[in-house]
There are 4 protein chains.
Amino acid sequence: MSKYDEIQQSAYDANMQLPKLGLVLFTFGNVSAADRTAGVFAIKPSGVPYEDLSPAKMVIVDFDGKIVEGTLRPSSDTLTHAVLYKHWEKIGGIVHTHSTYATAWAQSHRSIPIFGTTHADHNTVDIPCAPPMSDEMIQGNYEYETGFQIMHALKEKNLGYEEIEMILVGNHAPFTWGKTPEKAVYNSAVLECIAQMALLTEQINPNAPRLQDSLIKKHFERKHGPDSYYGQ
Amino acid sequence: MSKYDEIQQSAYDANMQLPKLGLVLFTFGNVSAADRTAGVFAIKPSGVPYEDLSPAKMVIVDFDGKIVEGTLRPSSDTLTHAVLYKHWEKIGGIVHTHSTYATAWAQSHRSIPIFGTTHADHNTVDIPCAPPMSDEMIQGNYEYETGFQIMHALKEKNLGYEEIEMILVGNHAPFTWGKTPEKAVYNSAVLECIAQMALLTEQINPNAPRLQDSLIKKHFERKHGPDSYYGQ
Amino acid sequence: MSKYDEIQQSAYDANMQLPKLGLVLFTFGNVSAADRTAGVFAIKPSGVPYEDLSPAKMVIVDFDGKIVEGTLRPSSDTLTHAVLYKHWEKIGGIVHTHSTYATAWAQSHRSIPIFGTTHADHNTVDIPCAPPMSDEMIQGNYEYETGFQIMHALKEKNLGYEEIEMILVGNHAPFTWGKTPEKAVYNSAVLECIAQMALLTEQINPNAPRLQDSLIKKHFERKHGPDSYYGQ
Amino acid sequence: MSKYDEIQQSAYDANMQLPKLGLVLFTFGNVSAADRTAGVFAIKPSGVPYEDLSPAKMVIVDFDGKIVEGTLRPSSDTLTHAVLYKHWEKIGGIVHTHSTYATAWAQSHRSIPIFGTTHADHNTVDIPCAPPMSDEMIQGNYEYETGFQIMHALKEKNLGYEEIEMILVGNHAPFTWGKTPEKAVYNSAVLECIAQMALLTEQINPNAPRLQDSLIKKHFERKHGPDSYYGQ
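Calculation notes
- Residues numbered from 1 in each chain as written.
- Chains lettered and ligands numbered in written order.
- Predicted model: local features only at pLDDT ≥ 70, side-chain atom pairs only at ≥ 80, totals over all residues.
- Heavy atoms only, no water.
- Contact = heavy atoms within 4.5 Å.
- Buried area = accessible area lost by both parts, 1.4 Å probe.
- Salt bridge = Lys/Arg side-chain N within 4 Å of Asp/Glu carboxyl O.
- Polar contact = N/O pair within 3.5 Å; in protein donor to acceptor, adjacent residues only side chain to side chain.
- Helix = DSSP H or I, 4+ residues; strand = E, 2+ residues; numbered from the N terminus.
- Least-squares fit on C-alpha atoms with pLDDT ≥ 70 in both.
- Phe/Tyr/Trp six-rings, centres within 6.5 Å; stacked < 30°, edge-to-face > 60°.
- Lys NZ or Arg CZ within 6 Å of the ring centre and 35° of its normal.
- Pairing = 2+ DSSP bridges.
- Axes fitted to C-alpha atoms, helices over the stretch in contact; angles between N-to-C directions.
- Expected span 1.5 Å × (residues − 1).
- Buried < 20%, exposed > 50% of the residue type's maximum accessible area, 1.4 Å probe, protein only.
- pLDDT = per-residue confidence, 0-100.
- Nonpolar A, V, L, I, M, F, W, Y, C, P; charged D, E, K, R; others polar.
- Disulfide = S-S within 2.5 Å.

## Focus on the interface of chain D and chain A
Tallying the contact residues gives 34 residues for chain D and 36 residues for chain A. For the pair chain D and chain A, the summed buried surface comes to about 3,000 Å²; carbon and sulfur atoms form 56% of the total. For the salt bridge of A:Asp77 with D:Arg222, the shortest nitrogen-to-oxygen distance reads 3.4 Å. Linking chain D with chain A are 23 residue pairs in polar contact (both at pLDDT 80 or more), by the criterion used here. Secondary-structure elements contributing two or more residues to the side of chain D that touches chain A are helix H4 (117–120), helix H7 (181–204) and helix H8 (213–223) of chain D. A total of 11 residues in the side of chain D that touches chain A trace back to one element, the largest contributor, which is H7(D).

## Description of the relation of the copies chain D and chain A
In summary, the two copies of the chain are related to each other by a rotation about an axis coupled with a shift along it. Superposing chain D onto chain A takes a rotation of 90° plus a shift of 0.0 Å along the axis, which leaves an RMSD of 0.0 Å. Viewed as a symmetry operation, the transformation between the two copies matches a four-fold axis. For chain D, the smallest separation between a C-alpha atom and the rotation axis is recorded for D:Gln203, amounting to 5.9 Å. Little of the interface of chain D is mirrored in chain A, where only 3% of its interface residues again form contacts.

## Comments concerning the packing of aromatic side chains
Remark: the centre distance and the inter-plane angle together describe each pair of aromatic rings, the angle taken between the planes. Enumeration according to the criterion identifies 32 aromatic pairs over all chains in this entry. Ring geometry for A:Tyr144 and A:Phe148: centres 5.1 Å apart, planes at 65°, overall edge-to-face. Within this pair, A:Tyr144 and its partner A:Phe148 are both found in helix H6 (residues 142–156), separated by 4 residues, close to a single helical turn. The ring of D:Tyr50 is capped by D:Lys44, whose NZ or CZ atom sits 5.1 Å from the centre of that ring. The side chain of D:Lys223 reaches across the aromatic face of D:Tyr230, ending 4.3 Å from its centre.

## Description of the sheet that holds strand E2 (residues 40–43) of chain D
All names here are of chain D. Spatial strand order, E4-E3-E2-E1-E5-E8-E7-E6: 8 strands in an open sheet with mixed pairing. For this open sheet the edge positions go to strand E4 (67–69) and strand E6 (129–130), each flanked by a neighbour on one side alone. Contacts from helix H3 (residues 100–107) reach E6, strand E7 (166–169) and strand E8 (174–178) within the one sheet, and its direction differs from that of E7 by about 55°.

## Quick word on helix H6 (residues 142–156) of chain C
Residue and element names in this part refer to chain C. The end-to-end C-alpha separation of H6 is 20 Å, in line with the 21 Å expected for 15 residues at 1.5 Å each. Among all positions of H6, only Tyr142, Glu143, Thr146, Gly147, Phe148, Gln149, Ile150, Met151, Ala153 and Leu154 are buried. One or two positions beyond H6, positive phi appears at asparagine 158, with a value near 60°.

## Topic: the pattern of salt bridges
Summed over all chains, the structure comprises 32 salt bridges over all chains. C:Asp64 serves as the salt-bridge partner of C:Lys86, at 2.3 Å between the closest nitrogen and oxygen. With a gap of 22 residues between them, C:Lys86 in helix H2 (residues 78–87) and C:Asp64 in the loop between strand E3 (59–62) and strand E4 (67–69) connect regions that are remote in the sequence. The exposure class assigned to C:Lys86 is partly exposed, which follows from its relative accessible area of 44%. Accessibility expressed as a relative area gives 51% for C:Asp64, which makes it exposed. When the shortest N-O distance is used, the salt bridge between D:Arg110 and D:Glu202 registers 2.8 Å. Of this pair, D:Arg110 sits in the loop between H3 and H4 while D:Glu202 sits in helix H7; the two residues are 92 residues apart in sequence, bridging distant segments of the chain. Under the relative-accessibility criterion, D:Arg110 is labelled partly exposed at 22%. The class for D:Glu202 is buried, based on a relative accessible area of 19%. Residues joined by salt bridges that share partners form a network here, namely A:Asp77, A:Glu143 and D:Arg222.

## Concerning the pairing of strand E5 (residues 93–97) of chain A
Residues and elements named next belong to chain A. With 5 of 5 residues buried, E5 lies mostly within the body of the structure. The side-chain alternation of E5 yields two buried faces, one formed by Gly93, Val95 and Thr97 and the other by Ile94 and His96. Pairing between strand E1 (residues 29–35) and E5: 5 bridges, direction antiparallel. Bridge pairing in E5 places glycine 29 opposite threonine 97. In this sheet, strand E8 (residues 174–178) lies alongside E5 in antiparallel orientation, the contact comprising 4 bridges. Its bridge partner lying in E8, isoleucine 94 is registered against tryptophan 177.

## A word on the relation of the copies chain C and chain D
For the pair chain C and chain D, the relating rotation is 90°, the translation along its axis is 0.0 Å, and the fit reaches an RMSD of 0.0 Å. A low fraction, 3%, of the interface residues of chain C reappear at the interface in chain D, so the copies pair through non-equivalent surfaces.

## Re unusual backbone geometry
Most peptide bonds adopt trans geometry, and most residues besides glycine take a negative phi value. Backbone geometry at A:His109 places phi at a positive 60°, although glycine is not the residue there. Its place among the elements puts A:His109 in the loop between helix H3 (100–107) and helix H4 (117–120). Given a relative accessible area of 30%, A:His109 falls into the partly exposed group. For D:Phe26, which is not a glycine, the phi torsion comes out positive at approximately 50°. Looking at the secondary structure, you find D:Phe26 in the loop between helix H1 (5–20) and strand E1 (29–35).

## Quick look at helix H3 (residues 100–107) of chain C
All names here are of chain C. The buried fraction of H3 is high, at 7 of 8 residues. Within H3, the full set of buried residues consists of Tyr101, Ala102, Thr103, Ala104, Trp105, Ala106 and Gln107. Positive phi shows up at histidine 109, right after H3, with a value of about 60°.

## Digging into the side chain of B:Thr176
Residue and element names in this part refer to chain B. Tracing the sequence through the fold places threonine 176 in strand E8 (residues 174–178). By relative accessible area, threonine 176 is classed as buried at 1%. Engagement of the side chain of threonine 176 in a polar contact is seen with the side chain of serine 188, the distance being 2.9 Å. Aside from chain neighbours lying at most four places away, what touches threonine 176 is Gly93, Ile94, Val95, Glu165, Met166, Ala184, Asn187, Ser188 and Leu191.

## Considering the arrangement of the chains
For the non-touching pair chain A and chain C, the nearest C-alpha separation works out to 12 Å. Across the gap from chain B to chain D, with no contact made, the nearest C-alpha atoms are 12 Å apart.

## Thoughts on the confidence of the model for chain A
On average, chain A scores 96 in pLDDT, and the residues at 70 or more come to 100%. The ipTM, which scores confidence in the relative placement of chains, is 0.96 for this predicted complex, and the corresponding pTM is 0.97.

## Thoughts on the sheet that holds strand E2 (residues 40–43) of chain B
All names here are of chain B. Overall, mixed pairing links the 8 strands, which are arranged E4-E3-E2-E1-E5-E8-E7-E6 in an open sheet. Pairing within the sheet leaves two strands with one partner each, and these edge strands are strand E4 (67–69) and strand E6 (129–130). Alignment of strand E3 (residues 59–62) against E4, held across 2 bridges, turns out to be antiparallel. Residue valine 61 lies in a different strand from E4, and its bridge partner there is isoleucine 67. Sitting on the sheet, helix H1 (residues 5–20) touches strand E1 (29–35), E2, E3 and strand E5 (93–97), and the angle it makes with E1 is about 155°.

## A closer look at the side chain of C:Glu165
Residue and element names in this part refer to chain C. Turning to its location among the elements, glutamate 165 is positioned in the loop between H6 and strand E7 (166–169). Only 2.7 Å separates the side chain of glutamate 165 from the side chain of lysine 183, close enough to count as a polar contact. At 2.8 Å, the side chain of glutamate 165 and the side chain of asparagine 187 are in polar contact.

## Some thoughts on the interface of chain C and chain D
Contact residues are listed per partner, giving 33 residues for chain C and 36 residues for chain D. Approximately 3,000 Å² of surface area, both sides summed, lies buried where chain C meets chain D, with 56% of it carried by carbon and sulfur atoms. At the surface where chain C touches chain D, the tally comes to 2 salt bridges. Residue C:Arg222 pairs with D:Glu143 through a salt bridge whose shortest N-O separation is 2.6 Å. Its residues assigned to classes, the side of chain C that touches chain D shows 15 nonpolar, 14 polar and 4 charged.

## Brief notes about the state of the cysteines
Inspection of every chain in the model, using the stated rule, returns 0 disulfides over all chains. Considering cysteine sulfurs only, A:Cys193 is the nearest to B:Cys129, which forms no disulfide, with 18 Å between them. Classification of B:Cys129 as buried rests on a relative accessible area of 11%.

## Focus on the environment of A:Ile60
All names here are of chain A. Take isoleucine 60: it is sitting in strand E3 (residues 59–62). Separated by 56 residues in the primary sequence, isoleucine 60 and tyrosine 4 place their C-alpha atoms 7.7 Å from one another. Ignoring sequence-local partners within four residues, the contact set of isoleucine 60 consists of Tyr4, Ile7, Gln8, Val40, Phe41, Ala42, Lys66, Ile67, Val68 and Glu69.

Following this line, the structure appears as structure tokens:
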């Protein structure tokens, strides 16, 4: 028994959702779950197949990326998770995948235009694509710098991490987050869905217009904020 | 036990078909079933995952959108359903999804051209895309106005709701209907199939012609009308 | 018990393969199995869902399209099957589907170019697309004429029905055949696979060349003819 | 019992992974497993459906392509496997499939550009497409020559078989290899994933740039070489 039982179980459950949702091939993804009181998070061990995972195998790491508990090596993306937890105080879960359509947009260096209400139900803006990192950042502490690249890209677009919970890292792949690991996984699946629809939309009509402001506002407010009336 | 048992069961069964047919991600869809004698319909509660649904959770609403029975909040699209039931006296079921290909056409603001017999087996015309709604309609009673936008779009094309049982709402996603909820669900799956084939057709041949009139007539009449000879 | 037990079972088994292979939505397909000695074939009843089928429900029809045994109405495409059985003496099974990619090529009025060995393993030529039928043929005995349209298209290209076992009917969808119903179903799945790969090939390289003759010959002869060395 | 039990089991297990990973239709693929000490490999029998396979049915062949044990005819691609085992001393498994996206690139005669980290996690270069074979090679000992075509294509690009474990054969389809059959199967699935993402990337942005060198180096070294920190 570990005093981190709860986040280990939560990280395990969330990781196991990725193959069920068709978001990962082999081990190409990872989810972490944070315990804000203890100042740590539980994350998938690196390169371990999903069918061999168990809650006890989730590695406990602090917000500086130091291993606190666990015998396995944590995900190679651990430092990116650590940086985001350290700077974004209200998130409780982070997901990284190489899901097919979202990754294709990241490889294309394009933000995903807001074309419809499926997008607007979750975000009021285009889903940003952070520019590829500089050679210096890559050759330095790469995964640590990836966290900063994500934060800088949001800042440059005047977006807060509570406003938008998903991003593409140029050349690489998506990251999503949320108040809980479950919400972060939900965001990963939503992003993949939006990414596919946006490509199809441009194929059907290369001049398809972005969504009008009133509809963006309406759909977002149906689901979010004080006057929301979606859900229970 | 509710005196609305039958439509609750019917709405439940039809809702559960949506994930099986691959037409919804998470809770992005809803089906309703009408009881014309009682002047009410049963509809999916808002934001409740399909695996947590039960017939008893279906909310009973009248054709003005007023909740008649049920403790859960009905689908956020309830007023659209209500408007259509009120004005279209012969329909018994309505479906709304964000299925991938149909939604991409809606986001593209294009009607789906009739390219082949798969389409003609079900419709004699292009599947219309209602234009995006005006800012006034969106900022007003949005879901209520969506029902009128759908009716206006059919009227403008001189189409009756018994002639065509599916439509795209520009920027948004498809709605389908039918004499029963099962038929409305069937129409949703058919629409998604037609939408995918139409995109592929244009990709294979950007100058693919619309179907000739004689073939449209033949295939539709094989399945519909006094001389039909499809089915039992 | 019927004296047509064997072809009913064979037609049933082959029909049940269509949904398993992802080739049909709802009831959009049918398979028949011929008994050459008796001069009849067993075919799927019209519009009956696959899960409700049984061998005994397969309708027995002669090569002029006359029902010989069975209480259900046969597939609306029955006359097309009858014409082909009557004229092509060595085939024992026919399949019609609206499989997604093959149907998109048919709607595009294009033959499928032979781009690679997957294609050449099964055919030495482009998969022909029969031109859309004339208004007269459509308004006349439509399904009967569809059989002749298929035969004319092969004849025009100097192809025998033993050389190529698959065709697209322009505006409509594919038909495949073979010595047995199992082989005809196999051909349907192969056609769908080839159709998808050909579209993707043109998307990757709009100038992709057709396969060189020597490779067409080699791959076809590996699988077919006196010197074949594929299989057991 | 055969003294080749181990490689028969290994080849069987690896072959059975192909349909599970969605990489084959019917029998369009084969895996072999080598025993370097005995100088032989076990390979799938030709044209036998996956559901009818068993370890004992795997055919034992030496590196000159001579059958050593087994009553079934080996895969028609056996000589290609033999040539590669003979010349590449450190590989233990080979896979050939006609997986959809990789085959489409092969039919397009294009190498797959390195667009992102999913690619760079596994290869530092574009995935090469060997040019179509000459008429002479095809008319001669075709499958034997296919092995040489693969080796020549790597040589021409100054690539070693340990550097890159996957290739497209122009007009035909992919081959992959690895130290074990499991690794070769893994490479087949990775290749299919990369092939799909690369096509989507070009569709989203026809001018998408190849990955910068620093990121190629970083991602490859995370997973490979003395300083790797991926996995356990």
